[in-house]
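Chain by chain, the residues run as shown.
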Amino acid sequence: MTATSVHRPSVGARMLTGRILTVGRTFLAVAARVGALWVVARLTGRRAAFPRAAAGAVAARLHQAGPTFVKLAQLLSTRLDLLPAELCKAFSRLYDDVPAIPAKTAEELVAARMGAPLKTIFARFDLRAVASGSIACVYRATLFDGTEVAVKLRRPGVEEIIAADLRLIAWGTALAARTPMMRGLPAVAAVRQMSQAIAGQLDFTAEAAALVRLSAALKELDEIKVPLPHPEYADPARTGRGVLVMEYLPGLARRSPADLGEQASVRAVEAALAAIYKILFLDGLVHCDLHPGNLYLMPDGSVQILDAGFVVELPEGARRAFTEFFFRMGTGNGKRCAEIVLSTAMDRRGLDEGAFTAEMVALVESVTGVRAGDFDLLRFAGGLFDMQRRHGLHADPQFIFPLLGILVFEGAINAYHPEVDFQELAMPYLVRALFTRR
């Protein structure tokens, strides 16, 4: 569930130098493009359009910097507490779009990492990847007993690239944190946590354990399907080398609301939201990566959840704090919401608690009793994070992870069921979590 067990390879001077040059060229190109946009905005008097154009220019060129920066941007897209909304929106549209591992290389890698030729393990192995990400590719295969499986294969050399990039990111963040613009923000702590999340996506042993845990936690919800690791091939000797064999789920496709139809869309969205609330409030688990590539809404109203590489297990105190915060928000108790946020704050020095509490009460009252279609979780979260920034208050990342995980999900399903009532659907799970013995 965490990145603590990930092996971090040593980074050679040649690799580090190469990454410095690649990343440096990319960011110089980004700076030049943003600078040109700023000049045009000033000359044409269209300064209001500059933030959106600049954010788009940054996002458009990040692929050139490599997989680490794409993943970091995807994670930062949820951090409205740290970045402007326009940049978060631009980053949220970044998905892995990279060529698959060459077929011959993939065949050799699977054989080497599983310790035997493919023909002795699989009756059939399709070397055309069914999914291709910046860290791994997924292939369809059939075992000799007829079982269809998905084989997730980590890209060769990606560990060294990410290790070098994370070192560069740590250096850059430490320098940026000294600037007047960044001073006071928990940038180093936030980036360190995100770096751990990126490194954790290399750890297939942890992902296999997370899939098992998610599946067990969601077994009471018949509409939810999570692929399980194949018990015979999910041992650490294989997953530790970067190959994960798991259940194959057929019929995966990105379907538009028109493809699903209104009835199936509503059922699937409400089922997915129930799953998120169940694992969050009752089990303390947050799937932080439920973008459209990992969340599939099916024509029968069921939901398939993939990729547990970024599943966070909350400490018990953080689980209870967030559960009560969500409950008090839904029941209109802004004063208690303020107390909970203050109790999780990393630094309260110089804070005017009375003014903060008054603003929190006003924020919660603004969403109390509103119609489902009028409740905007993104706007509420943006208001909360903006209020914290203005008061110089930074909550423990363990507290804000759950809210950000829900925001990623909201972005994925907003078009399918815009009238979904986030608060009403949460209430049964909040009551179970707060008022029943664990």
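Here, every reference points to the structure presented above.
The paragraphs below set out a description of the structure included in this document. (Residues numbered from 1 in each chain as written. Predicted model: local features only at pLDDT ≥ 70, side-chain atom pairs only at ≥ 80, totals over all residues. Heavy atoms only, no water.)

**Description of helix H16 (residues 377–390)**
The end-to-end C-alpha distance of H16, which contains 14 residues, comes to 20 Å, matching closely the 20 Å that a straight helix rising 1.5 Å per residue would cover. Taken together, the buried positions of H16 are occupied by Leu377, Phe380, Ala381, Leu384, Phe385, Met387 and Gln388. End-on, the buried residues of H16 take up no more than an arc of 155°, which puts them together on one face. Downstream of H16 by a residue or two, Gly392 has a phi angle that is positive, lying close to 65°. (Helix = DSSP H or I, 4+ residues; strand = E, 2+ residues; numbered from the N terminus. Expected span 1.5 Å × (residues − 1). Buried < 20%, exposed > 50% of the residue type's maximum accessible area, 1.4 Å probe, protein only. Arc of directions from axis to C-beta.)

**Describing the pattern of salt bridges**
Using the criterion set out here, one finds 19 salt bridges in the structure. For Arg238, the salt bridge identified is with Asp235, shortest N-O distance 2.7 Å. Counted as one network, the salt bridges with shared partners bring together Glu324, Arg328, Lys335, Arg336 and Glu339. (Salt bridge = Lys/Arg side-chain N within 4 Å of Asp/Glu carboxyl O.)

**A few points about the packing of aromatic side chains**
Geometry of an aromatic ring pair is reported as the spacing of the ring centres plus the angle between the planes. Within the structure shown, the criterion is met by 10 aromatic pairs. Measuring from centroid to centroid gives 5.6 Å for Phe281 and Phe326, while their planes differ by 55°, and the two rings are tilted. Within this pair, whereas Phe281 is found in helix H12 (residues 262–282), its partner Phe326 is found in helix H13 (residues 316–330), the two being separated by 45 residues in sequence. Each of the two residues, Phe281 as well as Phe326, counts as buried. Taken together, the ring pairs connect Tyr277, Phe281, Phe322 and Phe326 into an aromatic cluster. (Phe/Tyr/Trp six-rings, centres within 6.5 Å; stacked < 30°, edge-to-face > 60°.)

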